[in-house]
Amino acid sequence: GAVVSQHPSWVICKSGTSVKIECRSLDFQATTMFWYRQFPKQSLMLMATSNEGSKATYEQGVEKDKFLINHASLTLSTLTVTSAHPEDSSFYICSARGLGFYNEQFFGPGTRLTVL
Amino acid sequence: LAKTTQPISMDSYEGQEVNITCSHNNIATNDYITWYQQFPSQGPRFIIQGYKTKVTNEVASLFIPADRKSSTLSLPRVSLSDTAVYYCLVDSMNTGFQKLVFGTGTRLLVSP
């Protein structure tokens, strides 16, 4: 199957700083990438969907100015958490769909964000 | 998108067959049923997908009755490494398969 990587795998930052998380499709072209957030013992919640070269579509309740998403190429999407606060601490997971992979999303390993 | 309902948790022992049932009463014609597995602190992993009747791959089988209002994921002879959360999702052609809505999932605990 196709491989999706995330970097970093974990990050600790101070409140008020910004953090960038990268999501890469390693062996396929990701026409669409998705960002999810998962709190402990809870399910994944879709934050936004991004298509290469287009603006991301955010789910209801997700602040687009706080969670900046850039999908500049067919293999890279970034999520920037701006002015992070402790309540933003969570597990962030990206996934990707690509040409030739009908119906299946490939998930990255996730990034654990801790805001102090 | 159709909402899914599945048991919160299940317990089993090594070597047993585990069947996890999911209900999706409002499933639409263009919807597919998809199951994902997630280990702690990892991203979900695709297990199997089906539309109707039975689908089998190297890790699981998926049974879907004619009315498609439910589905059953069958894991043959589970091992300790199958301890994970299993999510049943409805993936819709109507959204271009662009949106997955994760429910609560079923926490499977496999004991020795």
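All values reported here derive from a predicted model rather than from experimental measurement.

What follows covers the overall build of chain B. The helix and strand tally for chain B stands at 0 helices and 9 strands. From first element to last, N terminus to C terminus, chain B shows the α and β order β-β-β-β-β-β-β-β-β. Taken over the C-alpha trace, chain B has a radius of gyration of 13 Å; the compact-globule value for 112 residues is 13 Å, and the two agree within 12%. Taken along its principal axes, the extent of the C-alpha atoms in chain B is 45 × 30 × 25 Å. Across the 112 residues in chain B, those meeting the buried criterion constitute 46%. Look at the contacts in chain B between residues 6 or more apart in sequence, and 57% of them connect residues 24 or more apart. A total accessible area of about 5500 Å² is found for chain B, and carbon and sulfur atoms account for 52% of it. Across chain B, the 9 positively charged side chains and the 8 negatively charged ones have centroids separated by 7 Å.

Now for the overall build of chain A. Looking only at helices and strands, chain A has 0 helices and 11 strands in total. Order of helices (α) and strands (β) in chain A, N terminus to C terminus: β-β-β-β-β-β-β-β-β-β-β. The principal-axis extents of the C-alpha atoms in chain A amount to approximately 40 × 25 × 20 Å. For chain A, the residues scored as buried account for 53% of the 116 residues in total. Within chain A, counting contacts between residues at least 6 apart in sequence, those at least 24 apart form 55% of the total. Per element, the accessible surface of chain A, about 5700 Å² overall, is 54% carbon and sulfur. Across chain A, 10 positive and 9 negative side-chain charges occur, with their mean positions spaced 4 Å apart.

With that settled, consider the state of the cysteines. For the coordinates displayed, the defined rule picks out 2 disulfides over all chains. Covalent S-S linkage joins Cys23 of chain A and Cys94 of chain A, the inter-sulfur distance amounting to 2.0 Å. Torsion about the S-S bond of the Cys23 of chain A and Cys94 of chain A cystine: about 80 degrees, corresponding to right-handed handedness. Taken together, the residues span a long stretch of sequence, with Cys23 of chain A in strand β3 (residues 19-25) and Cys94 of chain A in strand β9 (residues 90-98) at a distance of 71 residues. Note on Cys94 of chain A: relative accessible area 0%, which makes it buried. Linked covalently through their sulfurs, Cys22 of chain B and Cys88 of chain B form a disulfide whose S-S length is 2.2 Å. In this structure the cystine formed by Cys22 of chain B and Cys88 of chain B twists about its S-S bond by roughly -80 degrees; its chirality is therefore left-handed. Taken together, the residues span a long stretch of sequence, with Cys22 of chain B in strand β2 (residues 18-23) and Cys88 of chain B in strand β8 (residues 84-92) at a distance of 66 residues. When its relative accessible area of 0% is taken as the criterion, Cys22 of chain B is described as buried. Owing to a relative accessible area of 0%, Cys88 of chain B belongs among the buried residues under this scheme.

Scoring rules and cut-offs
- Residues numbered from 1 in each chain as written.
- Chains lettered and ligands numbered in written order.
- Predicted model: local features only at pLDDT ≥ 70, side-chain atom pairs only at ≥ 80, totals over all residues.
- Heavy atoms only, no water.
- Helix = DSSP H or I, 4+ residues; strand = E, 2+ residues; numbered from the N terminus.
- Rg over C-alpha atoms; globule rule 2.2 N^0.38 Å.
- Buried < 20%, exposed > 50% of the residue type's maximum accessible area, 1.4 Å probe, protein only.
- Contact = heavy atoms within 4.5 Å.
- Areas by Shrake-Rupley, 256 points an atom, 1.4 Å probe, with all protein chains shown as cover.
- Lys, Arg positive; Asp, Glu negative; His and termini not counted.
- Charge placed at Lys NZ, Arg CZ, Asp CG, Glu CD.
- Disulfide = S-S within 2.5 Å.

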